[in-house]
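Commentary on secondary and tertiary structure
What follows is the residue order along each chain.
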Amino acid sequence: MTRSADIKHRGSTRHWALGLILGGLAVLLATLVLLLPGLERIYLGQLGKREASTLTLAVEGLTGSLRRFEALPGLIAERPDLARALRDPSDTALIDRVNDELHLTAEEVGLSDIFLIDPTGLTIAASNHWKALSFVGRNFAYRPYFTGALAGERGRFFALGTTSGERGYFFADAVRDGSEIIGVLAVKFTVDAFEDAWRDGANEIVVLDDAGVIFMASRPEWHFRSLGPLSPEARAAIEDTKKYPMDRLVPLQTEQEPFDDTFRQVTITNDTGPVERFIVQSQMIPEAGWEVSLLTPSEQAWTRAIGTAAVSALLLLLVGLIATVVIQRRIQMQERIAAALSMQEELELRVTQRTAELETANRLITQEVEERRAAETLLRQTQTELIQAGKLAALGQMAAALSHEFNQPLAAVKSFARNAGAYLDRGEPDKVRQNVGLIDDMVDRLAAISTHLRNFARRPGEKTEPVLLNRALDTALVIVEPKMRASGCRVSRDEIDGEIWVQGGQVRLQQVFVNLLSNAVDAMSDVPDPVVDLVLDRDGGHVHVRVRDRGTGMTDAEIAQLFDPFFTTKEPGKGMGLGLSISYNIVRDFGGTLEGRNHPEGGAVFSVTLKLAEAPSLAAAE
Ligand code: ADP
């Protein structure tokens, strides 16, 4: 895969992973939304269970009050004054007394009203006799509690007080004279206090009678409403007993659906508009025929469900976010690893390429080296050939020079010999002797050339040994001494400290110094006070001997040819131009060097550099 395709592939992997996470999150969120009703249901169930105790408390409160007041009419009815008053309702004093008693009792036991009714339903005495809306004189023959008590039962009834307009619960019992029922004693207690207590809670509490009419409710606007339409019979019974105001008996707009065995869900559309949903649980109070219902607003469950869903969604988002970050990190890591790998591959490729290049370069270098070696060999061969050619040329030169050098004295010898013959014929012996003497001189000269040639012909590399430099210099000076004296030249020489041994040959070394000293004397032939400086200088393993004169020095061209054989600037017969070239070869044979240059202060200076040697146990002479 190419690099760009690889990057594209990685990019698509990243999008794919992100898409998967986002898709997963969307599905989870949708699932949460779908789960909302179920969640609400669970919370509704929990809510109902949590509030069950509120219902129990409400029921127990009501039941307790009913039980407390239930027995009271029977007890009060036993008071003899009541029977007496019923027998003689015209006894106003008695009636007054009964009124007071009833008033006192009502106050003591916390009843709203206590009243005494004769068998026709007429109230003859009441605890509220002093009030403007007193029950006294009112007929309650239509009330079931009255009819019930008159029939010898314990009458009970809930109704809106027709006189007081107050809702109340009525209990009634018969007033007997012996076994004869002569009237009814009824008590009423109001239920407002319960409702006040219920209003404090978060729930709504309603109490329905057997006909399904709400006669107690934490919300006053629900009083006398029914949860469903009332049957015509029930309506007739209510009308007969004047139980509730008929005009307010309007059913509440409700929708009911069962929730489970314990609860049901009720939606109430209030007259003022708002729709409320409740989870409802009910409990019966059998002795009163009441159903107490606790209406818990469903809103809480819905809010909780939404809250849970929101928290879950947030958690999911968080998890999704973390997952995204983790996945992105992983992808980035993988990308980095891939990039590193690709870089490594590239590097390896480059290394391989470079190695190949180096190998090629190496091969080329080897080839070049071989070519150079071949060229070198060729050069050496050429050099050898050149040397050979040079040698031949030198030989030619030498032969020419030699023939010139020899021809002159030979021609002279021939001429002197012929002259000697002629003088001999003429009988002039003195002249013969003179010419023979001249022939002798010429032969000496030829012998001198021959000696030089013999020296020149010495093979290089002849054996060297430690020789005493001091001795070589001293002997050389002795040899040139007559020449120096003749030209008035003197030597300025360093005192030598101890013996200096150098590698060389004694006689050859002397010859070198004789030649240099002799050249120096020659160079100063026109100098008024000729002086030769002889200076020694030691340096590491070498010694330098410098011969300096104060002559005219040398031109550059002369310096270039100094050591060439037969190079000379001297007059014919005075120099053969072999001294320096022979000296050069000798010094080189000793492993040393010979240099000639002009001295900065005038004149020429020739330096002989020789290798210092260990003093032998027995100095050998050449
Ligand atoms: P020759 O002395 O027979 O000429 P050499 O080889 O000794 O031969 O010297 C070659 C030449 O080098 C001389 O002819 C001279 O021109 C030059 N030369 C040698 N020594 C000196 C010197 N000390 N000063 C100037 N020139 C010199």
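Here the structure is a predicted model, which is why all the values come from computation and not from measurement. (Residues numbered from 1 in each chain as written. Predicted model: local features only at pLDDT ≥ 70, side-chain atom pairs only at ≥ 80, totals over all residues. Heavy atoms only, no water.)

This part is about the overall build of the protein chain. The secondary structure content of the protein chain amounts to 13 helices and 18 strands. For 622 residues, the compact-globule estimate of 2.2 N^0.38 gives 25 Å, and the protein chain exceeds it by more than 25% at 79 Å. Overall size of the protein chain, expressed as C-alpha extent along the three principal axes, is 240 × 55 × 45 Å. Summarising the internal contacts of the protein chain: among those between residues at least 6 apart in sequence, 60% fall at separations of at least 24. About 35,000 Å² of surface is accessible on the protein chain, with carbon and sulfur atoms providing 57% of the total. (Helix = DSSP H or I, 4+ residues; strand = E, 2+ residues; numbered from the N terminus. Rg over C-alpha atoms; globule rule 2.2 N^0.38 Å. Contact = heavy atoms within 4.5 Å. Areas by Shrake-Rupley, 256 points an atom, 1.4 Å probe, with all protein chains shown as cover.)

One can describe the packing of helix α10 (residues 469–487) onto helix α11 (residues 506–523) by two numbers: an axis separation of 8 Å at closest approach and a directional angle of 35°. For the crossing formed where α10 meets α11, the hand is right-handed. Every residue of α11 that contacts α10 at Leu 469, Arg 471, Ala 472, Leu 473, Thr 475, Ala 476, Leu 477, Ile 479, Val 480, Lys 483, Met 484 and Ser 487 is listed here: Gln 506, Leu 509, Gln 510, Phe 513, Val 514, Leu 517, Ser 518, Val 521 and Asp 522. Residues belonging to the contact of α10 with α11 are distributed by class as follows: 13 nonpolar, five polar and three charged. (Axes fitted to C-alpha atoms, helices over the stretch in contact; angles between N-to-C directions. Left-handed = near helix turned anticlockwise from the far one by under 90°. Nonpolar A, V, L, I, M, F, W, Y, C, P; charged D, E, K, R; others polar.)

The next thing to look at is the environment of Arg 426. One can find Arg 426 in helix α8 (residues 299–426). Considered as a pair, Arg 426 and Asn 519 are 93 residues apart in the sequence and their alpha carbons are 46 Å apart. Only 3.5 Å separates the side chain of Arg 426 from the side chain of Glu 428, close enough to count as a polar contact. (Polar contact = N/O pair within 3.5 Å; in protein donor to acceptor, adjacent residues only side chain to side chain.)

Among the 20 residues in the neighbourhood of the ligand, the closest are listed as Asp 549, Thr 568, Thr 569, Lys 570 and Leu 580. Within the contact set of the ligand, an oxygen atom lies 2.5 Å away from a side-chain nitrogen or oxygen of Thr 568. Here an oxygen atom of the ligand and a side-chain polar atom of Thr 569 are 2.3 Å apart. Surface burial for the ligand is 93%, taken as the share of its 530 Å² of free accessible area covered by protein chains. For the shell around the ligand, the secondary structure elements donating two or more residues are α11, α13 (579–589) and β18 (604–611). Among the elements that make up the shell around the ligand, the one with the highest residue count is α11 (four residues). Its residues placed into classes, the shell around the ligand shows 10 nonpolar, eight polar and two charged. (Near = heavy atom within 4 Å.)

Those residues of helix α6 (residues 192–199) that sit buried are Phe 194, Glu 195 and Trp 198. End-on view of α6: buried residues confined to an arc of 95°, all on one side of the axis. (Buried < 20%, exposed > 50% of the residue type's maximum accessible area, 1.4 Å probe, protein only. Arc of directions from axis to C-beta.)

A few words now on a nonpolar patch on the surface. Judged by side-chain polarity, Val 311, Leu 315, Leu 318, Ile 322 and Val 326 come together as a nonpolar surface patch covering roughly 440 Å² of accessible area. Residue position: Leu 315 is located in helix α8. (Patch = residues over 30% accessible without salt bridge, like charges linked within 9 Å, V, L, I, M, F, W, Y side chains within 5 Å. Salt bridge = Lys/Arg side-chain N within 4 Å of Asp/Glu carboxyl O.)

Before going further, it helps to examine the packing of α11 against α13. Helix-helix packing is characterised by the crossing angle of the two axes and by the distance between the axes. Interaxial distance between α11 and α13 falls to 9 Å at its minimum, and their mutual angle equals 145°. Viewed along their axes, α11 and α13 form a crossing whose handedness is left-handed. Counting all contacts with α11, which are made through Arg 508, Gln 511, Val 512, Asn 515, Leu 516 and Asn 519, the residues of α13 involved are Gly 579, Leu 580, Ile 582, Ser 583, Ile 586, Val 587 and Asp 589. Taken together, the residues of the contact of α11 with α13 break down into six nonpolar, five polar and two charged.

What follows concerns the confidence of the model for the protein chain. Atom-level detail of predicted coordinates should not be read off regions where pLDDT is low. With 91% of its residues at a pLDDT of 70 or more, the protein chain has an overall mean of 85. Highest mean pLDDT in the protein chain belongs to β18 (97); lowest belongs to strand β3 (residues 155–160) (77). (pLDDT = per-residue confidence, 0-100.)

So, about the sheet that holds strand β2 (residues 123–126). With antiparallel pairing, five strands are arranged side by side in an open sheet as β2-β1-β5-β4-β3. Each having just a single partner strand, β2 and β3 make up the two edges of the open sheet. Each strand axis lies, on average, 25° off the axis of its neighbour in the sheet, ignoring direction. Of the pairings in the sheet, the one linking strand β1 (residues 113–117) to β2 comprises three bridges and is antiparallel in character. (Pairing = 2+ DSSP bridges.)

With five of five residues buried, β1 lies mostly within the body of the structure. Neither face of β1 is exposed, since Asp 113, Phe 115 and Ile 117 on one face and Ile 114 and Leu 116 on the opposite face are all buried. Here β1 runs beside strand β5 (residues 180–190); their pairing, made up of five bridges, is antiparallel. The residue bridging Ile 114 from the neighbouring strand is Val 187, located in β5.

What follows deals with unusual backbone geometry. For Phe 224, which is not glycine, the phi torsion reads 70° and is therefore positive. In this structure, Phe 224 sits in the loop between β7 (214–217) and α7 (232–241). Phe 224 gets classed as buried once you look at its relative accessible area, which sits at 2%.

Turning our attention to the pairing of strand β9 (residues 263–269). Every other side chain in a regular strand lies on the same face of the sheet, so the side chains alternate between the two faces. Counting buried positions along β9 gives six out of seven residues, so the element sits mostly inside the fold. In the sheet, strand β8 (residues 253–258) pairs with β9 via six bridges, with the strands oriented antiparallel. Opposite Pro 258, over in β9, you have Arg 264 as the bridge partner. The hairpin turn running from β8 into β9, its antiparallel successor, is four residues long. Summarising the sheet, β9 and strand β10 (residues 275–285) pair through seven bridges and their orientation is antiparallel. Residue Val 266 lies in a different strand from β10, and its bridge partner there is Phe 278. Between the antiparallel neighbours β9 and β10 lie five residues, among them Gly 273 with a positive phi of about 125°.

Glancing now at the environment of Pro 530. With respect to the secondary-structure elements, Pro 530 resides in the loop between α11 and β15 (531–539). Judged by its relative accessible area of 4%, Pro 530 falls in the buried class. Separated by 287 residues in the primary sequence, Pro 530 and Lys 243 have C-alpha atoms spaced 175 Å apart. Beyond its immediate stretch of four places on either side in the chain, Pro 530 contacts Ser 487, Gly 488, Cys 489, Arg 490 and Met 524.

Attention now goes to α11. Taking 1.5 Å as the rise per residue, α11 with 18 residues should run 26 Å; its terminal C-alpha atoms sit 26 Å apart, in good agreement. Within α11, 13 of the 18 residues are buried, leaving the element largely enclosed by the surrounding structure. (Expected span 1.5 Å × (residues − 1).)

Let us now look at the sheet that holds β18. Taken in spatial order, the five strands line up as β13-β15-β16-β18-β17 in an open sheet, and their pairing is mixed. Taken across any chain shown, the strands that pair with only one partner, and hence form the sheet edges, are β13 (490–493) and β17 (593–598). Pairs of neighbouring strands in the sheet enclose a mean axial angle of 20°, with direction left out of account. With four bridges joining them, β13 and β15 adopt parallel strand pairing. The residue of β15 that forms the bridge with Val 491 is Val 532. On the sheet, α11 packs against β15, β16 (542–548), β17 and β18 and is oriented at approximately 170° with respect to β18.

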